[in-house]
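Below, each chain spelled out in residue letters.
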Amino acid sequence: ACKNLNPDTSHLKVTYPKKPTPNPCVHPVTPVPGESSWSGAEYSAWKDLVQPVKACTTTTTTTTTQAPVAPACTNFATQDTNTKKAWALKCKELPADTQFVKVIMGSIVDYFKPRAGKSFCDMLTSFTQHVWSSDGISWFQPDYYGNHLGGCAAWWPKRNGHGQRKYLSFWGQGNGKWCCVMSDTSGSNWHQDGKMLACS
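Please read all numbers here as calculations on a predicted model, not as lab measurements.

## Quick notes on unusual backbone geometry
Although it is not a glycine, Gln173 sits at a positive phi angle of roughly 60°. You can see Gln173 is positioned in the loop between helix H4 (156-159) and strand E5 (178-180). With phi around 55°, Lys177 is a residue other than glycine that occupies positive phi space. Structurally, the position occupied by Lys177 is in the loop between H4 and E5. Lys177 sits in the partly exposed class, given a relative accessible area of 32%.

## Let's talk about the packing of aromatic side chains
The geometry of an aromatic ring pair is captured by two quantities: the separation of the ring centres and the angle between the planes. Scanning the model with the defined rule gives ten aromatic pairs in all. Their ring planes at 55° and their centres at 5.7 Å tell us that Phe100 and Trp139 sit as a pair that is tilted. Taken together, the residues span a long stretch of sequence, with Phe100 in strand E2 (residues 100-105) and Trp139 in the loop between strand E4 (130-133) and H4 at a distance of 39 residues. By relative accessible area, Phe100 is classed as buried at 6%. Between Tyr167 and Phe170 the ring centres are 5.6 Å apart and the planes differ by 65°, which places this aromatic pair in the edge-to-face class.

## Here's the deal with the side chain of Ser169
By secondary structure assignment, the location of Ser169 is in the loop between H4 and E5. Beyond its immediate stretch of four places on either side in the chain, Ser169 contacts Val103, Met105, Ile108, Asp110, Phe112, Gly150, Gly151 and Cys179.

## Comments concerning the sheet that holds strand E1 (residues 73-78)
Taken together, the five strands give an open sheet; going across it, the order is E1-E7-E2-E3-E4, and neighbouring strands pair in antiparallel fashion. For this open sheet the edge positions go to E1 and E4, each flanked by a neighbour on one side alone. In this sheet, adjacent strand axes meet at a mean angle of 30° when their direction is disregarded. Where E2 meets strand E7 (residues 195-199), five bridges bridge the pair, whose relative direction is antiparallel. Following the sheet pairing, Val103 is matched in E7 by Met196.

About the cut-offs
- Residues numbered from 1 in each chain as written.
- Predicted model: local features only at pLDDT ≥ 70, side-chain atom pairs only at ≥ 80, totals over all residues.
- Heavy atoms only, no water.
- Helix = DSSP H or I, 4+ residues; strand = E, 2+ residues; numbered from the N terminus.
- Buried < 20%, exposed > 50% of the residue type's maximum accessible area, 1.4 Å probe, protein only.
- Phe/Tyr/Trp six-rings, centres within 6.5 Å; stacked < 30°, edge-to-face > 60°.
- Contact = heavy atoms within 4.5 Å.
- Pairing = 2+ DSSP bridges.
- Axes fitted to C-alpha atoms, helices over the stretch in contact; angles between N-to-C directions.

Below, the structure is given as structure tokens:
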């Protein structure tokens, strides 16, 4: 509605100047910074104080990404440690900077570490306090077995895309030594030889 109003402004005595005519554009602009005549044109008497224009430079930063350092693993235990009582003593020898343990039986390699909030002694004397990995990087909580030490419920590896074997490695509290397989396709049995390494 206001746009349609035509108010009387004669009493205000407003004098509207003429719109100035813009200066024509000069193209290309010359001189420009960097040209020898620019300092004289812009600074006149002070041109001798103007520092020479430096050429633009490009700085290339190279970032080198180092590959992750593989954990150092040292021998810690063998199949001769295979009862809860024995592990309750043996676990105290584990180096303080241990990140996980590596269990090797034949061609089978398993990695174990305690569940959140649990210690290695809790893990090594139990069948429900560990998480498992095939590479020491990606970790999974398996379905647990009803007893023994470590391991998992029957066929958990195969059902979850971790090979063909029936069980993860048990480190004791069974029928002697460790269980269960020396290769991905061999049958499950106790009395298996193996070793456990502490990795930090």
